[in-house]
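Architecture and fold: a report
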Amino acid sequence: MPYLQSVERTKISTRMMAGRAFLIKTPICANYLKVISNWLTTGSHGGLVYGQPRLGKTSATRWALKMLVELIGNFPLIEVPVRNQNIASEKAFFQHILHCVRHRHYMVGSAGDKRDALNEWLVTRAKRATINAAVIFFDEAQFLKNEHYKWLLNISNELDINGCRLFCLLVGQPELEEVKTNFIETGKEQIVGRFMARELEFTGISAQEDLISALIEFHNTIYPIENNILFAENFIPQAINSGFKLNALGPAMWSAFETLWIASGVSGSVVVPMHYFTAALIGTLNTLVDSDGEFLDIQQSIVMDAVKASGFRESLKIRKILEMNRSGK
Amino acid sequence: MALLAEYDQTSWRPGTLRIYESIGSIGAKYCYLNKVKPKEFYNLISEFNGNGSYIDSDNTFDNPDFDFAKLAKLFEEPISIVSKLSLNLINDLPKLYKQTRYSLWGNNMFSYCPTCMAAGYHSELHQIHWVDKCFIHGDNLVNVTNKEKSIKGFRNDIKLLKPIFDTWFLNSAIWESAKTSRWSLIDNELINTQAKKFCSALIYTEKKLQNDSILFGKNNESNLLLQVKAKNSLNRVFKTVHQNKAMSFEKPLKYPCSAEIADLLVKIGPKGIGHFMHSRQITCIESEMPIWKTILNDLPKSLLKKHSKCLKLYKNSFESIEKTRIRWCYGHEYVHPPYDMSRFDRVPCPRIVTLNLLQMLLNVEDSLIPESITYYGKCNSKEINYSFYDIGSLDNLIEAGIVTKWIGYIEIGTHQILKQYTPGFMFESEVEPDFRYINIPICQGILTEIIDQLLLVHLQTWICALYEVEMNSNVIDSQINLKNHFRAKIHELSPSIILKKTNDGVELLIGTMTSKRLPKWCNSIRDEKGHYDTVKKRSNELEVTFDELLAYRMRMNDLFQLRANLIRSFVRKRS
Ligand SMILES: [Zn+2]
Ligand SMILES: [Zn+2]
């Protein structure tokens, strides 16, 4: 039933783009995993991870944390999105975190009650974790304000008293760096010392080999698991069954990204955020659906169109404007 | 497929759940850890209750539909612990359960062991109403009234949550580690060992009980103890937890008879035995003179020894009260005399109190049969007829010669020494008839022997209860309703009896809570002269109080009449 298949493909594409389908291990991710693992096992209380938008920070963090469980054992983890949330008061802040925990009673009680309930939840689980710590992953952490750090400090102290540790993974845009500088300048070293002592700049794919290894990962992924088929089989089953591999797209894709980068006039070497890479891949696969067959003829123009449609070009334009603004000052 | 966000995360400290822990204990900890009100815990529990199919238990965890697996998952506790929250082990003992109804205090009591509470533990096994020692430590249990109201849709044990929460988390002194992040708790192994001992005594008894006996007695606790004793399953644990430690257990009384008769006797059932005890009491003729009858006949005499003057005083004061009432109430027919019965109970001499209570005993309607089997709705004042629908086969009993029919008149009220001092009696003729016509089956032969023995045991209990009430001056001088107190005393001291088939007939096993020796009534008073003076003084006081109250009521009545007349004349003038 071709219609149903196309619905299914749309679903998969959407899920991929929202970062909800599966996570792909790229060389950047592998490095990221190594760094976080090091932070967590050496007793830190937090770390900054910053980078341009659309680099795939959220997905990469999710992937790294998931892999971390296999490396160092289970630990309690809360993912807290910070953008557009009403978290101005202490009560609202802790309620939001409890909500993210999926805590049954996140709605009830005073600010103190909610803080205590969160403490209890964290302590009980941190104590049983091999790393003796609980991790809160704040996504878009550049939106956190002074008070939020103060409240987190309280929780963190509470865990220390109970012989375990709170680790705040602050993931956000480059403004996070400015927040840190600001804290240092205004004498809030305590917060910096606690949560921001470690930092990592997150980048995108910056070499053809990295792009190819990401494609290999994509190729080997089985999705959806219940159907037991390779991810690309959803789009080009005949070609895949005849031995086509996604990494064959690598050189064409890299050259397309490179071309756009150079054309935009942005300084430095090419960096491709994960998001645009995924979008370009899915765009390409969707185009290839109709020409699926034993021998797949892939034209450079198909890949280039997909890369253009990924939004990479627009992101470079914004980057260029920002660059000019900075140098203008 | 809709994607439903499930808020299934809660705070619990895995490894802290204890076996047989009460839902109140768990709920208190849950509310503390999650910083929520009890209502949130109730809602949580309602999700585990399933269809909540009806069971006759106060215990939430005895619900067969309760989802223990889900609870285990939520709390991350091993299923081996979670499945041991239920008391089903001892709830499924139909023979014991039917006869002893060892229910939980549930409704209005919070019962706990201080040592267990100090170790963060409370169990439903502390709530069983006949248990007054901790099954783990042997400590005396503390009983506190629980004022919490029942919660619709939940079993009563959930009412324990608030008192337990308050004990642990409001008064910090009880369980030291309550508010720390690491609770020190009682050891699960210890609970397991002790609970096993306790439960196996009950289970062993249940196994040994057969359908070849009748058990009767008003006091369920004593009944249970007798059953356990009779089956030799009384172990140390059971002995210490039981409150009625003073039960004496006599050698069985044997009544040889044929197997057929034995069968018939056991089939009469406790209700039938009750009927025969009653009918024997009202139809026993003087010439038979069984021991219980002799004791009963002699009782008023020995009670009046050294107190006949008191009775005379009481009589005089009572008469003067009645005369005042009759004289002054003439023309005041709307005045209700202050017949405050509690005032009459608290008459000046404790012995008069006893006589009053004795009179209550000897009312035909209130005679020597277990309360649970009376159904006096069926008698009117002129006639007593029983329905024998539940005695088994009456014809078979008559054919076997152990029952016969008795038709005729019985005299009533013969023992009512103080009957003439009942307010209103003196000047009214024929409050009740002196004779009643009855047509009832009565016992014969071997059944009579058994019934006489039962009546004797019950009478001994009654006399002891009378004596204990009279000796307890605190009770007599207090505002407690003496009749209720006396009934409660009878209940407490009630004997337990098992009528059981044997190889060569039947036997009676009797467990009594009183001494076999009857009290010596005379010894209770030393200074006879002083006693009389006190009684005289108090009699006068009683009269004065009565007069004052009566006068007050009449005055109020006059005022009322005056006002009514005024209104009437006013209305007349207007029209
Ligand atoms: Zn105890
Ligand atoms: Zn006296």
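Residues numbered from 1 in each chain as written. Chains lettered and ligands numbered in written order. Predicted model: local features only at pLDDT ≥ 70, side-chain atom pairs only at ≥ 80, totals over all residues. Heavy atoms only, no water.

Across its full length, chain A holds 14 helices and 5 strands. Buried residues in chain A amount to 51% of all 329 residues. Sequence-distant contacts, at least 24 apart, represent 77% of the contacts inside chain A between residues at least 6 apart. As displayed, chain A has an accessible area near 15,100 Å², and 51% of this comes from carbon and sulfur atoms. (Helix = DSSP H or I, 4+ residues; strand = E, 2+ residues; numbered from the N terminus. Buried < 20%, exposed > 50% of the residue type's maximum accessible area, 1.4 Å probe, protein only. Contact = heavy atoms within 4.5 Å. Areas by Shrake-Rupley, 256 points an atom, 1.4 Å probe, with all protein chains shown as cover.)

Residues and elements named next belong to chain B. Summarising the element assignment, N146 is placed in the loop between β2 (142-145) and α8 (161-170). Looking at N146, the relative accessible area reads 6%, which means it is buried. Among the polar contacts made by the side chain of N146, one reaches the main-chain carbonyl oxygen of K159 at a distance of 3.1 Å. (Polar contact = N/O pair within 3.5 Å; in protein donor to acceptor, adjacent residues only side chain to side chain.)

This next bit is on the nonpolar core. A:Y32, A:F231, A:M253 and A:F277 are the most contacted members of the largest nonpolar core, which totals 72 residues. Two domains each provide a minimum of three residues to this core, namely domain 1 (2-20 + 205-327) and domain 2 (27-201) of chain A. Once residues within four sequence positions are removed from consideration, A:F277 is found in contact with A:I205, A:L211, A:A214, A:L215, A:F218, A:M253, A:F257 and A:V272. Membership of the second largest hydrophobic core comes to 67 residues, among which are B:L265, B:I268, B:Y314 and B:L509. (Core = buried A, V, L, I, M, F, W, Y, C linked by side-chain atoms within 4.5 Å. Domains from an automatic or database assignment.)

On any regular strand, side chains alternate: one points to one face of the sheet, the next to the other face. Residue and element names in this part refer to chain B. In the sheet, strand β3 (residues 213-216) pairs with strand β9 (residues 496-502) via 4 bridges, with the strands oriented antiparallel. Bridge pairing links F216 to I497 in β9. Note that β9 and strand β10 (residues 505-512) share 7 bridges and pair antiparallel. Bridging across to β10, I498 finds its partner in L509. (Pairing = 2+ DSSP bridges.)

Across all of its chains, the model carries 21 salt bridges over all chains by this definition. A salt bridge links B:E76 to A:R128; the shortest N-O distance between them is 2.9 Å. Of this pair, B:E76 sits in the loop between α3 (68-75) and α4 (79-82) while A:R128 sits in helix α5 (residues 111-128), each in a different chain. Judged by its relative accessible area of 39%, B:E76 falls in the partly exposed class. Linking B:K529 and B:D533 is a salt bridge whose minimum nitrogen-to-oxygen distance equals 3.0 Å. Here the residue B:K529 and the residue B:D533 both occupy positions in helix α22 (residues 528-574), the gap between them amounting to 4 residues, near one helical turn. On the accessibility criterion, B:D533 (37% relative accessible area) is partly exposed. (Salt bridge = Lys/Arg side-chain N within 4 Å of Asp/Glu carboxyl O.)

In this section: a nonpolar patch on the surface. All names here are of chain B. A contiguous nonpolar patch, built from Y552, M556, L559 and L562 and spanning about 410 Å² of accessible area, is present on the exposed surface. Position of M556 among the secondary structure elements: in helix α22. Here M556 falls in the partly exposed class, since its relative accessible area comes to 40%. (Patch = residues over 30% accessible without salt bridge, like charges linked within 9 Å, V, L, I, M, F, W, Y side chains within 5 Å.)

This next bit is on the environment of B:D139. Residues and elements named next belong to chain B. Among the structural elements, D139 can be located in the loop between α7 (114-118) and β2. Residue class for D139 comes out partly exposed when judged on its relative accessible area of 25%. Separated by 26 residues in sequence, D139 and C113 place their C-alpha atoms 6.5 Å apart. Once residues within four sequence positions are removed from consideration, D139 is found in contact with C113, T115, D132, K133 and C134.

Here we take up the coordination of the zinc ion (ligand 1). Residue and element names in this part refer to chain B. Coordination of the zinc ion (ligand 1) by the protein involves C113 (SG), C116 (SG), C134 (SG) and H137 (ND1), with metal-donor separations of 2.0 to 2.4 Å. Mapping the donors of the zinc ion (ligand 1) onto the primary sequence yields the spacing C-x2-C-x17-C-x2-H. Pair noted here: C116 is in helix α7 and H137 is in the loop between α7 and β2, with a separation of 21 residues, a long-range link. Residue classification places H137 among the partly exposed positions, given a relative accessible area of 31%. (Donors = N, O, S within 2.8 Å, 3.2 Å for Na, K, Ca; no water.)

We now examine helix α3 (residues 57-72) of chain A. All names here are of chain A. Taking 1.5 Å per residue, 16 residues should reach 22 Å; α3 reaches 21 Å between its end C-alpha atoms and fits that length. Of all the residues in α3, the buried ones are K57, A60, T61, W63, A64, L65, L68 and I72. Residues of α3 that are buried make contact with α2 (27-41), β1 (46-50), β2 (77-81), β3 (133-139) and β4 (165-172). Trailing α3 by a residue or two, G73 shows a phi angle of about 90°, which is positive. (Expected span 1.5 Å × (residues − 1).)

If you walk through the whole model with that rule in mind, you get 29 aromatic pairs over all chains. Ring-pair connections join several aromatic residues into one group, and the members of that group are B:Y32, B:F165, B:W168, B:F169, B:W175 and B:W183. The cationic tip of A:R102 hangs over the ring face of B:Y7; the distance from NZ or CZ to the ring centre is 5.4 Å. The lysine or arginine in question, B:K309, covers the ring of B:Y532, its NZ or CZ lying 5.4 Å from the ring centre. (Phe/Tyr/Trp six-rings, centres within 6.5 Å; stacked < 30°, edge-to-face > 60°. Lys NZ or Arg CZ within 6 Å of the ring centre and 35° of its normal.)

Residues and elements named next belong to chain B. When the pLDDT values of chain B are averaged, the result is 77; 74% of them are 70 or greater. When the criterion is pLDDT under 50, residues 364-385 qualifies, and its contacts beyond four places in sequence or with other chains add up to 60 contacts. For this predicted complex, the interface score ipTM comes out at 0.74, while the overall pTM is 0.67. (pLDDT = per-residue confidence, 0-100.)

Residue and element names in this part refer to chain A. Inspection of the secondary structure assignment puts N182 in helix α7 (residues 175-185). Taking the relative accessible area as the measure of exposure, N182 reaches 42% and is therefore partly exposed. Taking C-alpha positions, N182 is 9.9 Å from V192, a pair spaced 10 residues apart along the chain.

With that out of the way, let us pick up the interface of chain B and chain A. The accessible area lost on association of the parts is a frequent measure of interface size. Taken together, the 22 residues of chain B in the interface contact 18 residues of chain A. For the chain B and chain A pair, buried surface summed over both sides reaches about 1,900 Å², with 45% attributable to carbon and sulfur atoms. Its largest share of buried area at the contact with chain A, chain B owes to B:Y7, B:Q9 and B:K35, together 38% of the area lost on that side. Our count for the chain B to chain A interface comes out at 4 salt bridges. Linking A:R104 and B:E47 is a salt bridge whose minimum nitrogen-to-oxygen distance equals 2.8 Å. Counting across the interface, chain B meets chain A through 16 residue pairs in polar contact (both at pLDDT 80 or more). Looking at the side of chain B that touches chain A, the elements with two or more residues in it are α1 (23-34) and α2 (38-46) of chain B. Residues that form the side of chain B that touches chain A fall into these classes: 8 nonpolar, 6 polar and 8 charged. (Buried area = accessible area lost by both parts, 1.4 Å probe. Nonpolar A, V, L, I, M, F, W, Y, C, P; charged D, E, K, R; others polar.)

Residues and elements named next belong to chain A. Here T278 lies in helix α12 (residues 274-288). Note on T278: relative accessible area 8%, which makes it buried. Polar contacts involving the side chain of T278 include one to the main-chain carbonyl oxygen of M274, which spans 2.9 Å. Not counting residues within four places of it along the chain, the set of residues in contact with T278 comprises M16, M17 and F218.

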